[in-house]
Amino acid sequence: MSGVQLATPVRSAATVDIAVTGTALMHRYAPGRGLDPIDFQVAGPGVVAVTGRNGVGKSTLLRIVAGLLQPTGGRCDVVVGGVPRAPGARRTCVGYGAPELSFYDELTVAENLKFATEARGDAGAGAAAAAALAEVGLAGRERDRFAALSSGLKQRLRLAFAILFQPPVLVLDEPGSHLDDAGRELVARLLERQRERGLALVATNDEREVRLADQRIELRGRGVGDPA
Amino acid sequence: MILRGLLFAWIAAALAAGFLWAPIVPGLGPTTRVLYFHIPAAWITVVALAWSMLHSVLYLRRRRMDHDDHAAAAAELGLLFGIVATVSGSMWAKAVWHSYWNWDPRETSIFFLLLIYGAYLALRSSIENDERRARLSAAYSAVAFVTVPFLVFVVPRLYFSLHPDTVINARGKVDMDPRIQLAFLAMLVGFTGLFFWVLSLKVRLSRLERRRAERAAAW
Amino acid sequence: MPTSASSFAAAVWAILRKECRTEWRTRYGLNASLLFAITTLTSVSFAAGRLGDRADLLGALLWIVLLFASLASLHHGFVREVEGHTLTLLRLVASPAAIAVGKLLFNLAFLLVLELVTVPLFLVLMGAPPPAWGPFLAVLALGSLALASTSTLVGAIIAQTRGRAALFAGVSLPLLLPVVAAAVSGTRGQWQQGSIGSELKLLAGFTAAVLGASILLYDHLWND
């Protein structure tokens, strides 16, 4: 994908015209592994559950939506505020959280988030980071190195990163993994809030998370193997 | 089938002409014969490189695995022909200049090309995922493409700096006897045909293997 | 709202600071590289002795030491991102071009630190004659820039393969030969009071070509 002009980040809550469309969208990692062709259209505001067996391509689909992966076939269009967003520019309007997202071991929790905000060039970096950390319950842990966190706390940091810029589109891959009950309530709260301000796509097999959704994409492909 | 037979007949005829009919270049003696396969091999090495790089760039723009097949097959053949050219050239150098390797401009250039081929193929063999392999090796090929011209400028310096008194390249091709020229050009054409024929076989093979793998995975 | 130019600069700066900070916290990269560079230099010095009158050999040996030091250390930038699984984070906060430039600047700084230690040591150990500082530093600067930009690009390519560090040296070497040849020639030239304009032009042209290729290629490197 070519590097396009960075779109200005959309912050306002009134981004109701959000749509994610897949047209014959498919991805092939290797023979027999990947995402089978799929057509779908989901629109915000709302919460979309992406479900299916292991290996069927849920994570792949989310990566494509987030602009991290260029599909080998078909296309995926994301429209925010009426403006289509090219894959190279999706990071300005998509908040992404997934198991494969990791942070710098040598940096502290606060430094990791500050790196993210500084790289985006946002003024008021500190405030956004602090707010996100407070939101996910990591308020007292700013000085802890990422390597020292438990898996549950790491997952909370991932959620903090995903909501950091209050994105119109929130893409979460198995957000409840490693989390205790309080953590799952946090996920439910975040999804509720996102339902009002924009669109959330959640890949999950957890019934509790599926129940939070009002739209659903069910993947039914071959799905053997891990898209690593 | 007919074309293949024709190709072999052509090369055989050209070789026969070169060895039996064309005269010997006075300065080179019996070693003249080397130019019938050494230079065509070197020529193909360069053609293969250009073909491979072209298809690498095409792959990056169009993302069709066909282009990756061509790039990889051309690189493998280029390496093979390159080795043939280097070895035959080295033996020729020993016969004429009494030294297997002189780092003269042409020798340096062919060595450099062999290194690039080697690096490209080593890179390919270290990636399993075929889409990633195609993409990364194509990227490498594109980088190599921009650096090759610089070597052309740099080689004379290298040559003069390390071996200021080496014999200058005595391959006086300017006045070739017309019979030599004819046999030589015929071999050039024959080698080119050989290269593209084997290339087409390799590409077809890759395509079939991929199709078989996909069908197997579908079960 | 940040403009795209200021976001680019902000991203590059943030990445550079992050690299320096993580490198400083662990320091194993810098320590290992310094040790490697000094070991290489010591071996060369042991083997060749003092070469005060051999400007041609001095130039060649200096750049061999620098080349080896680069091959041993400049791939860290990307390999560590891949091995630490932080590449996704990086891609989500910065454009491919910003990542490329940020990493390049870090590699350049890293190489400069190595050279600050290695080059004076080399001049002393090898008994080199005093260099013509202007031309000498010019060749050093442009050569380092060429080394760093090529290494950064190749590092990005091999980071996602299996061979990684081992592959890096073999895969970069063919591309770096013109750089080493020109740098050697230029270094020798400044000791022999010759003109080194063409070597400098070649190094500059090479760097420009590689940077141009990088900009076009970086988008393709991490589509996965």
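Cut-offs and rules
Residues numbered from 1 in each chain as written. Chains lettered and ligands numbered in written order. Predicted model: local features only at pLDDT ≥ 70, side-chain atom pairs only at ≥ 80, totals over all residues. Helix = DSSP H or I, 4+ residues; strand = E, 2+ residues; numbered from the N terminus. Buried ≥ 20, exposed ≤ 12 C-beta atoms within 10 Å, placed from the backbone. Contact = placed C-beta atoms within 7 Å. Nonpolar A, V, L, I, M, F, W, Y, C, P; charged D, E, K, R; others polar. Axes fitted to C-alpha atoms, helices over the stretch in contact; angles between N-to-C directions. Parallel < 35°, antiparallel > 145°, perpendicular 65-115°, else oblique. Left-handed = near helix turned anticlockwise from the far one by under 90°. Pairing = 2+ DSSP bridges. Core = buried A, V, L, I, M, F, W, Y, C linked by C-beta atoms within 7 Å.

Draft legend 1. Representation of the overall build of chain A within the structure. Assigned secondary structure in chain A consists of 6 helices and 9 strands. By residue count, 50% of the 228 residues in chain A fall in the buried class. Long-range pairs, those at least 24 residues apart, make up 76% of the contacts in chain A between residues at least 6 apart in sequence.

Draft legend 2. Main features of the interface of chain C and chain B. With 31 residues of chain C in contact, the opposing surface of chain B contributes 26 residues. Mapped onto the side of chain C that touches chain B, the elements with two or more residues apiece are α7 (133–158), α8 (165–191) and α9 (197–221) of chain C. Among the elements that take part in the side of chain C that touches chain B, α8(C) stands out by supplying 12 residues, more than any other. Among the residues making up the side of chain C that touches chain B, the classes are represented as 19 nonpolar, 8 polar and 4 charged.

Draft legend 3. Highlighting the packing of helix α4 (residues 76–83) of chain C against α7(C). Residue and element names in this part refer to chain C. Running from N to C, α4 and α7 point in directions that differ by 25°, and their axes come no closer than 8 Å. Relative to α7, the element α4 is oriented roughly parallel. Handedness of the crossing formed by α4 with α7: right-handed. From α4, Gly 77, Phe 78 and Val 79 reach across to α7, where they touch Thr 152, Gly 155 and Ala 156. Broken down by class, the residue content of the contact of α4 with α7 amounts to 3 nonpolar, 3 polar and no charged.

Draft legend 4. Expanded view of the sheet that holds strand β1 (residues 18–30) of chain A. All names here are of chain A. What the 4 strands build is an open sheet, ordered β2-β1-β4-β5; its pairing is antiparallel. The two strands at the open ends of the sheet, each matched to only one other strand, are β2 (33–43) and β5 (83–85). Strand after strand, the sheet turns through a mean of 25° between neighbouring axes, direction not considered. In this structure, β1 lies alongside strand β4 (residues 73–80), joined through 7 bridges in antiparallel fashion. Note that in β4 the partner of Gly 22 across the bridge is Cys 76. Here helix α1 (residues 58–66) sits on the sheet in contact with β1, β2 and β4, set at roughly 125° to β1.

Draft legend 5. Representation of the nonpolar core in the model. Grouped together as the largest cluster of nonpolar side chains are 195 residues, with contacts concentrated most on A:Val48, A:Val50, A:Val65, A:Ala160, A:Leu164, A:Val171 and A:Val202. Take this core: its biggest share by element is 13 residues, from α7(C).

Draft legend 6. Here's a closer look at α1(A). Residues and elements named next belong to chain A. The element α1 is largely enclosed, with a buried count of 9 among its 9 residues. Residues Lys 58, Ser 59, Thr 60, Leu 61, Leu 62, Arg 63, Ile 64, Val 65 and Ala 66 constitute the buried set of α1. Two residues or fewer past α1, Gly 67 is found with a positive phi of approximately 85°.

Draft legend 7. Molecular detail of the interface of chain A and chain C. Taken together, the contacts link 27 residues of chain A with 29 residues of chain C. For the side of chain A that touches chain C, the element with the highest residue contribution is helix α2 (residues 109–120) of chain A, accounting for 5 residues. Taken together, the residues of the side of chain A that touches chain C sort by class into 12 nonpolar, 8 polar and 7 charged.

Draft legend 8. Focus on the pairing of β4(A). Two elements, β4(A) and β5(A), share 3 bridges in a ladder whose sense is antiparallel. Among the inter-strand pairings, A:Val78 is bridged to a residue of β5(A), identified as A:Arg85.

Draft legend 9. Expanded view of the sheet that holds strand β8 (residues 199–203) of chain A. Residue and element names in this part refer to chain A. Here 5 strands make up an open sheet; going across it, the order is β6-β7-β8-β3-β9 and the pairing parallel. Strands at the two margins of the open sheet, each flanked by one partner only, are β6 (94–97) and β9 (215–218). Strand-to-strand, the axes of this sheet are offset by a mean angle of 15°, without reference to chain direction. The pairing of strand β3 (residues 46–51) with β8 spans 5 bridges and is parallel. Looking at β8, one finds that Val 48 is bridged to Leu 201. In this fold helix α4 (residues 151–163) packs onto β6 and β7 (169–173), with an angle of close to 170° to the strand it touches most, β6.

Draft legend 10. Representation of the environment of B:Pro23. Residues and elements named next belong to chain B. With respect to the helices and strands, Pro 23 occurs in the loop between α1 (2–21) and α2 (38–62). For the pair Pro 23 and Asp 177, spaced 154 residues apart in sequence, the C-alpha to C-alpha distance is 7.6 Å. Ignoring sequence-local partners within four residues, the contact set of Pro 23 consists of Asp 177, Arg 179 and Ile 180.

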